[in-house]
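Read off the chains here:
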Amino acid sequence: MSTQAPAPEKLARFNVSPARRRRDRIARGTILAATVLALIPLLLIIYYLLNKGLSSWSTSFFTTDPTGNTFFGGSNIGGIKSAILGTIEIVALASAIEAIHLGSTNVDRAYYGTDTRAYQLLAGALLALTPELMKLGTRFLRTARWTAPLALGGIVLFGSSALGTSAIWRGVFAAIQTAALIMALEGSPTSVVGRGLSNDRVSYLGRISYATYLWHWPLIVLITHNNHIAPLPLFLITAVGASVLAAISYHFLEHPIRSSRSLDSYRVPVIAVGLTISAVCGLVIAPAILRWNTGGTANARSLSVSVPSLQTGTTKLLDWRIARNDIPALPSCFGKPVDRCTVVRGTGPSVLLVGDSLARMWLPAFRAIAKRESLTLSVAALPSCPWQQDIKHRLAMVPQCPGNRADWYTRVIPELHPNIIFLAERGFDKPGNPFQAASTEGLVGADSPAGERTLVDASSTGIQSLRAAGRKIVILDATPLPPDVNFNPVSCLSTGSHSCGFRVSTALTKLDEFYREEARQPDIFNLDLDRLACPRLPLCDPIVNDIIVRRDHTHLTGTYARALSTTLEALLHQEGILSGRG
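Colleague: Go over the overall build of the protein chain, please, and point to the residues and values.
Modeller: In terms of helices and strands, the protein chain carries 24 helices and 12 strands. Residue burial in the protein chain is summarised as follows: out of 582 residues, 46% are buried. Summarising the internal contacts of the protein chain: among those between residues at least 6 apart in sequence, 74% fall at separations of at least 24. Accessible surface, the protein chain as shown: approximately 29200 Å² in total, 62% of it carbon and sulfur.

Below is the structure:
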């Protein structure tokens, strides 16, 4: 069969309408403006340092806060102040970098970790401890007046789902926008935004905002326990409910304690008791409650679906705490000898697994198969890195992707010369994915006509570049995703809910159709693995054969993937992929 790229008529269904082009241009412009706005505080800080010199940090900064309170004085304080500020800056930057790095591999860890969220608190600390930065808004009054409404709009924009970006990048940009808003308001308190936020009702919401933050999550947990509520109604119920509870707790608990004159005489004991209660609750009581609520395996076992045909053996995994961190180790040979990418050495054909985090997800299964079949298995994978060379922007790609991927194609694959290449990646055009792609029409949704065409073109080019005499190319279909991008089955299990399964659409996407067409060519295969991940398709169960299936919204647990190796191996033989090994 022909090995040429799909004919133009085959891609005619991907034509983009003028209305869609206009919407795409508006979306691109909005994202560009928001990104530029997010960088304004950083540019102002850089300008100040270049203009005033680093020495000003040790002579004028740590004297007063924005409200005029004196913290330190004297010439000997400058060095201490500079050291403190420098430490805060370094830790904040390290926290943000760690969050972004972990966000591509373990978004739950990046989102909930104290160390990965510390940059947000430290950004506020830097503003409070460097009043000269606050004065920048006054020096650039005209800039501050238009920065304030843009920053406020940016906070709303990045705080919503209007932009298709990850939760971690959303947090980073929201923190920068908030810093920009604070600096702008300090410089133009009488601006429209300043007057609006100074309104008595808005100020009252600000006073109880921390209590609102504390109440909103328990309220969400209670509302969604054994229930599935659409995002908009859930937001409205939570916003109103948390605000009401916050107002009650503020007036009857928080404010009376904070303003109590009788407690003012016992400041040290009060602080000591408060810290002790917090430590005991956080380190002893809360973990005990979590263990009591989710520690047993009996309830989890009752949710398990029995599927004897999967042949998972005696493997068990019923503890959600283990499941959420059940991530296979990933080798890397970037900048190193290619044999660092080899994980199993055998006497049979050489096999290479290429792709993003879904390639890593299937690694335990392929490792088990390689050992039984005496294959030499190597891995060229990087989370958030599509295997197609022509995909160079967006799709939540990590910065390391272009360099690593170029190394795969120019060095790793030629030197390993694999007999079989397995390609795996997230289903970017499937429901449950908010990602965007850079197409010839601009920045578009991956599931849009232009996005689909981009994926098809890049996949066609990539497949042809990987073909070689006697080599088999195997495209692994992406496993189904929960339609709700915010739904995490293992988090659902942690609540004790009995409604942690989800239904998926079985309709083929345009990329699915293209892969099936490609599989008609010699030595190209397309494996549909949906019924391995979801044996009762279209229903995807959270636990199968006493094994928790998923560790997050997207990925199977390493234990479940390993347990599927026997079934996957039989499928590879059935399709002729492992036949004729010699």
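Colleague: Break down the packing of aromatic side chains for me, with residues and values.
Modeller: Under the counting rule described, the total for this entry stands at six aromatic pairs. Measuring from centroid to centroid gives 5.8 Å for Y210 and Y213, while their planes differ by 35°, and the two rings are tilted. One end of the pair, Y210, and the other, Y213, are both in helix α11 (residues 209-224), three residues apart, so they sit about a helical turn from each other. A relative accessible area of 52% places Y213 in the exposed class. On the numbers, 5.9 Å between centres and 50° between planes, the contact of F514 with Y515 is tilted. Just as F514 is buried, Y515 falls in that class too. Between the NZ or CZ atom of R117 and the centre of the ring of Y111, over which it lies, the distance is 4.7 Å.

Colleague: Which residues make up unusual backbone geometry, and what are the values?
Modeller: A cis amide bond, omega 10°, links L537 with the succeeding residue P538. Here P538 shows up in the loop between α22 (530-533) and β10 (539-540). For D523, which is not a glycine, the phi torsion comes out positive at approximately 65°. Within the secondary structure, D523 sits in the loop between α21 (510-518) and β9 (524-527). When its relative accessible area of 34% is taken as the criterion, D523 is described as partly exposed. Of note in this structure, D546 is not a glycine but carries a positive phi near 65°. The residue D546 is located in the loop between β11 (543-544) and β12 (547-548) in this model.

Colleague: Residues and numbers for the state of the cysteines, please.
Modeller: Overall, the coordinates contain four disulfides when judged by the stated rule. The disulfide bridge from C492 ends at C500, spanning 2.1 Å between sulfur atoms. Because the sign of the S-S torsion sets the handedness, a value of about -85° for the bond joining C492 and C500 places this disulfide among the left-handed ones. On the accessibility criterion, C492 (12% relative accessible area) is buried. Residue C534 pairs covalently with C540 via a disulfide, S to S 2.0 Å. Here C534 and C540 share a disulfide; its torsion about the S-S bond, 90°, makes the bridge right-handed. Disulfides within the protein chain link the bonded cysteines, taken in sequence order, as 1-2, 3-4, 5-6, 7-8.

Colleague: Please provide a residue-by-residue account of the pattern of salt bridges, values included.
Modeller: Counted according to the given criterion, the structure contains 12 salt bridges. For E254, the salt bridge identified is with R258, shortest N-O distance 3.1 Å. Taken as a pair, E254 and R258 lie in helix α12 (residues 231-258) at a separation of four residues, close to a single helical turn. What makes E254 partly exposed here is its relative accessible area of 25%.

Colleague: Which residues make up helix α5 (residues 114-129), and what values go with them?
Modeller: Taking 1.5 Å as the rise per residue, α5 with 16 residues should run 22 Å; its terminal C-alpha atoms sit 22 Å apart, in good agreement. Bending of α5 peaks at approximately 30° at the position of Q120. Looking at α5, one finds that the buried residues are T116, A118, Y119, L122, L126, L127 and L129.

Colleague: Got a sec to walk through the packing of helix α17 (residues 357-373) against helix α24 (residues 565-574)? Specific residues and values, please.
Modeller: Their axes nearest at 9 Å, the elements α17 and α24 cross at an angle of 65°. In terms of their interaxial angle, α17 and α24 are classed as roughly perpendicular. As α17 runs across α24, the sense of the crossing is right-handed. Only S565, T566, L568, E569, L572 and H573 of α24 make contact with α17, whose side of the interface consists of W362, A365, F366, A368, I369, R372 and E373. Taken together, the residues of the contact of α17 with α24 sort by class into seven nonpolar, three polar and three charged.

Colleague: Tell me about the side chain of D512, and name the residues and values.
Modeller: Relative to the helices and strands, D512 is located in helix α21. Residue D512 is classed as buried on the basis of its relative accessible area, which comes to 5%. Reaching out from D512, the side chain makes a polar contact with the backbone nitrogen of T509 at a distance of 3.1 Å. Sequence-distant contacts of D512, defined by excluding residues within four places in its chain, comprise K430 and D477.

Colleague: Describe in detail the pairing of strand β7 (residues 472-476), supporting the description with residues and values.
Modeller: Across the five residues of β7, five count as buried, placing the element largely inside the fold. The side-chain alternation of β7 yields two buried faces, one formed by K472, V474 and L476 and the other by I473 and I475. When strand β4 (residues 420-424) meets β7, the two strands line up parallel, connected through five bridges. Each residue of the ladder has a partner; that of F422, found in β7, is V474. For β7 and β9, the ladder comprises four bridges, and the chain directions are parallel. Residue pairing in the sheet places L476 in a bridge with L527 of β9.

Colleague: Now, about the sheet that holds β7: what can you tell me, with residues and values included?
Modeller: Whenever strands of a sheet pair, they do so through backbone hydrogen bonds, lying parallel or antiparallel. Spatially, β1-β3-β2-β4-β7-β9 is the arrangement adopted by the six strands of the open sheet, whose pairing is mixed. The two strands at the open ends of the sheet, each matched to only one other strand, are β1 (342-344) and β9. On average, adjacent strands in this sheet sit at an angle of 25° to one another, irrespective of strand direction. The pairing of strand β2 (residues 350-355) with strand β3 (residues 376-381) spans six bridges and is classified as parallel.

Quick notes on the rules
Residues numbered from 1 in each chain as written. Predicted model: local features only at pLDDT ≥ 70, side-chain atom pairs only at ≥ 80, totals over all residues. Heavy atoms only, no water. Helix = DSSP H or I, 4+ residues; strand = E, 2+ residues; numbered from the N terminus. Buried < 20%, exposed > 50% of the residue type's maximum accessible area, 1.4 Å probe, protein only. Contact = heavy atoms within 4.5 Å. Areas by Shrake-Rupley, 256 points an atom, 1.4 Å probe, with all protein chains shown as cover. Phe/Tyr/Trp six-rings, centres within 6.5 Å; stacked < 30°, edge-to-face > 60°. Lys NZ or Arg CZ within 6 Å of the ring centre and 35° of its normal. Disulfide = S-S within 2.5 Å. Salt bridge = Lys/Arg side-chain N within 4 Å of Asp/Glu carboxyl O. Expected span 1.5 Å × (residues − 1). Bend = angle between axes of the 7 residues up to and from the residue. Axes fitted to C-alpha atoms, helices over the stretch in contact; angles between N-to-C directions. Parallel < 35°, antiparallel > 145°, perpendicular 65-115°, else oblique. Left-handed = near helix turned anticlockwise from the far one by under 90°. Nonpolar A, V, L, I, M, F, W, Y, C, P; charged D, E, K, R; others polar. Polar contact = N/O pair within 3.5 Å; in protein donor to acceptor, adjacent residues only side chain to side chain. Pairing = 2+ DSSP bridges.

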